[in-house]
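What the coordinates show
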Amino acid sequence: MPLINSMEQIVTETVMEIMTHDETCCSCEQCIEDAECLALNSLPAKYVSTAKGELYSKLSQVMIKQHSIDVHVACLNAIEFVKTHPHH
């Protein structure tokens, strides 16, 4: 199994959830990717190399409330930045 940053899936899901509920967000592919990159760059990477490690990492991140808050805040900040700095 290749190395996987398990934070990527969590950030992708969080960004999509937030953008789906915010009608002021552009939800084009470029804006979504920009928000994901900004959020990921502000969070620590969580690399795993096995399916078991990936599952454990996802479960532990969901269980730790502060980590969940950090991810949500990073995603919100990234989306706000993208909204104020659009490509078009």
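Residues numbered from 1 in each chain as written. Predicted model: local features only at pLDDT ≥ 70, side-chain atom pairs only at ≥ 80, totals over all residues. Heavy atoms only, no water.

A few words now on the nonpolar core. Val11, Val15, Met19, Val71, Cys75 and Ile79 are the most contacted members of the largest nonpolar core, which totals 18 residues. Of all the secondary-structure elements, those providing two or more residues to this core are α1 (7-21), α2 (29-41) and α4 (65-84). If sequence neighbours within four positions are ignored, cysteine 75 has contacts with Val11, Thr14, Val15, Ile18 and Ala39. (Core = buried A, V, L, I, M, F, W, Y, C linked by side-chain atoms within 4.5 Å. Buried < 20%, exposed > 50% of the residue type's maximum accessible area, 1.4 Å probe, protein only. Helix = DSSP H or I, 4+ residues; strand = E, 2+ residues; numbered from the N terminus. Contact = heavy atoms within 4.5 Å.)

The full count for this structure, using the stated rule, is two salt bridges. Measuring nitrogen to oxygen at the nearest pair gives 2.9 Å for the salt bridge that ties aspartate 22 to lysine 83. You can see aspartate 22 sitting in the loop between α1 and α2 and its partner lysine 83 sitting in helix α4, a full 61 residues away along the chain. Residue classification places lysine 83 among the partly exposed residues on the basis of a relative accessible area of 28%. With a shortest N-O distance of 3.1 Å, glutamate 80 and lysine 83 are connected by a salt bridge. Of this pair, glutamate 80 and lysine 83 both sit in helix α4, separated by three residues, roughly a single helical turn. Glutamate 80 gets classed as partly exposed once you look at its relative accessible area, which sits at 40%. When salt bridges with common partners are traced through the structure, they connect Asp22, Glu80 and Lys83 into a single cluster. (Salt bridge = Lys/Arg side-chain N within 4 Å of Asp/Glu carboxyl O.)

What follows is about α2. For α2, built from 13 residues, the straight-helix expectation of 18 Å at 1.5 Å per residue is met to within 8% by its first-to-last C-alpha distance of 18 Å. Within α2, burial applies to Cys31, Ile32, Ala35, Glu36 and Ala39. Mapping the buried residues of α2 onto a view down its axis gives an arc of 135°, with all of them on the same face. Away from the buried face of α2 by more than 90 degrees, exposed residues Glu29 and Asn41 are located. (Expected span 1.5 Å × (residues − 1). Arc of directions from axis to C-beta.)

The next point concerns the confidence of the model for the protein chain. Detailed reading of the predicted coordinates is not advisable wherever pLDDT is low. On average, residues of the protein chain score 84 in pLDDT, and 77% of them reach the 70 mark or higher. Of all the helices and strands in the protein chain, helix α3 (residues 51-63) carries the lowest mean pLDDT, 61, while α2 carries the highest, 96. (pLDDT = per-residue confidence, 0-100.)

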